[in-house]
Amino acid sequence: MSDSLDRLSALWRTPGTSPRWVIWHAGGGDVMVFDKECNIPYDVDDADLAEVLRRMRGAGVPEFDDYPGRRCG
């Protein structure tokens, strides 16, 4: 496992009842990791994104088409 993937391993731990990180289909073909605690997309290098998403899906992390965060303001 590369150092960058090792650093991201918390993203694909089996989610609890309210997972912190989810997969967001933001539209226009963009798929990203979203941090629900910080209410922002989580920065994953493009080179690692496909593998991170594969591992997250394997762990059962939820996926959303609608914005998965809280309203700002």
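Located above this text is the structure these notes cover.
Residues numbered from 1 in each chain as written. Predicted model: local features only at pLDDT ≥ 70, side-chain atom pairs only at ≥ 80, totals over all residues. Heavy atoms only, no water.

With respect to the pairing of strand 2 (residues 30-35)
Short version of the rule: Between any two strands, at least two bridges found by DSSP are needed for them to pair. Helix and strand assignments follow DSSP, with helices taken as H or I runs no shorter than four residues and strands as E runs no shorter than two, numbered in order from the N terminus.
One ladder, built from six bridges, connects strand 1 (residues 21-27) with strand 2; its direction is antiparallel. Among the inter-strand pairings, Gly27 is bridged to a residue of strand 2, identified as Asp30. Where strand 2 and strand 3 (residues 40-42) come together, three bridges link them in antiparallel fashion. Among the inter-strand pairings, Asp35 is bridged to a residue of strand 3, identified as Ile40. Linking strand 2 to strand 3, which pair antiparallel, is a turn of four residues; within it Asn39 sits at a positive phi near 65°.

As for the side chain of Asn39
Formally: Three labels apply to residues, based on accessible area from a 1.4 Å probe with only protein chains included: buried if under 20% of the type maximum, exposed if over 50%, partly exposed otherwise in between. Distance and chemistry together define a polar contact, namely a pair of N or O atoms within 3.5 Å, with one atom able to donate a hydrogen and the other to accept it when in protein, and with adjacent residues in sequence counting only for side-chain atoms on both sides.
Position of Asn39 among the secondary structure elements: in the loop between strand 2 and strand 3. Residue Asn39 is classed as buried on the basis of its relative accessible area of 10%. In this structure the side chain of Asn39 is engaged in a polar contact, spanning 3.4 Å, whose partner is the side chain of Tyr67.

Side note on the packing of aromatic side chains
Filter applied, for reference: Only Phe, Tyr and Trp rings are paired, with Trp represented by its six-membered ring, and only when their centres lie within 6.5 Å; those with planes under 30 degrees apart are stacked, over 60 edge-to-face, the remainder tilted.
Scanning the model with the defined rule gives four aromatic pairs in all. For the ring pair Trp24 and Phe34, a centre distance of 5.6 Å and an interplane angle of 85° mean the geometry is edge-to-face. Of this pair, Trp24 sits in strand 1 while Phe34 sits in strand 2, and the two are 10 residues apart along the sequence. The two residues Trp24 and Phe34 agree in class, both being buried. Three or more aromatic residues link up through ring pairs in this structure, and these residues are Trp24, Phe34 and Tyr67.

On their own, these measurements won't tell you what the molecule is for.
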